[in-house]
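# Results of the structural survey
The residues making up each chain are set out below.
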Amino acid sequence: MEAGAEYVVTQPVFDLKLLEEFIKRTEQYKLPIVAGIWPLTSFRNAEFMIHELRVPVPEDYCERMRRAETAESARAEGVAIAREMVQQVRHITAGVQLSAPFGRYEMAIEVAAALGPKG
């Protein structure tokens, strides 16, 4: 804040509880928080998030990605998970930042369909 921060954009969010804890710990700064949303593309992508980027991905999401039998079904499951995350975070954040994993813009567009008027 001292350097001029006006808002916060998180890393990809897959664990709602961790986001809620972050919001609580930073509420004194009164900065808008934008949740990063990343549609997973595969089980391998989920593992990369966990082991290389240190982004927590809950086991139930990993299992859903593991069960996807084709690349297409894995991308569809990743979009479904991202849409669920949008629905969970939209009422506790200032907004979301949607990523297009590996240039797959259609995935971000599919996730955006979960957005609509806040209510």
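Analysis parameters
- Residues numbered from 1 in each chain as written.
- Predicted model: local features only at pLDDT ≥ 70, side-chain atom pairs only at ≥ 80, totals over all residues.
- Heavy atoms only, no water.
- Core = buried A, V, L, I, M, F, W, Y, C linked by side-chain atoms within 4.5 Å.
- Buried < 20%, exposed > 50% of the residue type's maximum accessible area, 1.4 Å probe, protein only.
- Helix = DSSP H or I, 4+ residues; strand = E, 2+ residues; numbered from the N terminus.
- Pairing = 2+ DSSP bridges.
- Axes fitted to C-alpha atoms, helices over the stretch in contact; angles between N-to-C directions.
- Contact = heavy atoms within 4.5 Å.
- Salt bridge = Lys/Arg side-chain N within 4 Å of Asp/Glu carboxyl O.

## A short note on the nonpolar core
Grouped together as the largest cluster of nonpolar side chains are 26 residues, with contacts concentrated most on Phe 14, Ile 37, Leu 40, Met 49, Val 57 and Val 89. Those elements giving two or more residues to this core turn out to be α1 (16-26), β2 (33-37), α2 (43-51), α3 (59-67), α4 (71-89) and α5 (105-112). With seven residues, α4 is the largest single contributor of residues to this core.

## Brief notes about the sheet that holds strand β3 (residues 95-98)
One open sheet accounts for three strands, arranged β1-β2-β3; its pairing is parallel. At either margin of the open sheet sits one strand with a lone partner, and together these are β1 (8-12) and β3. Strand-to-strand twist of the sheet, defined as the mean angle between neighbouring strand axes without regard to direction, takes the value 30°. Relative to β2, β1 runs parallel, the two sharing three bridges. Across the sheet, residue Pro 12 finds its bridge partner in β2, namely Gly 36. Each of β1 and β2 touches α1; the most contacted strand, β2, lies at about 160° to it. Each of β2 and β3 touches α4; the most contacted strand, β2, lies at about 165° to it.

## Looking at the pattern of salt bridges
In total, this model carries four salt bridges according to the counting rule given. Linking Arg 64 and Glu 77 is a salt bridge whose minimum nitrogen-to-oxygen distance equals 2.6 Å. On the criterion of sequence distance, the pair formed by Arg 64 in helix α3 and Glu 77 in helix α4 is long-range, its members being 13 residues apart. Residue Arg 64 is classed as buried on the basis of its relative accessible area, which comes to 18%. Across the salt bridge formed by Glu 84 and Arg 64, the nearest N and O atoms sit 2.8 Å from each other. In this pair, Glu 84 sits in helix α4 while Arg 64 sits in helix α3, placing the two residues 20 residues apart along the sequence. On the accessibility criterion, Glu 84 (30% relative accessible area) is partly exposed.

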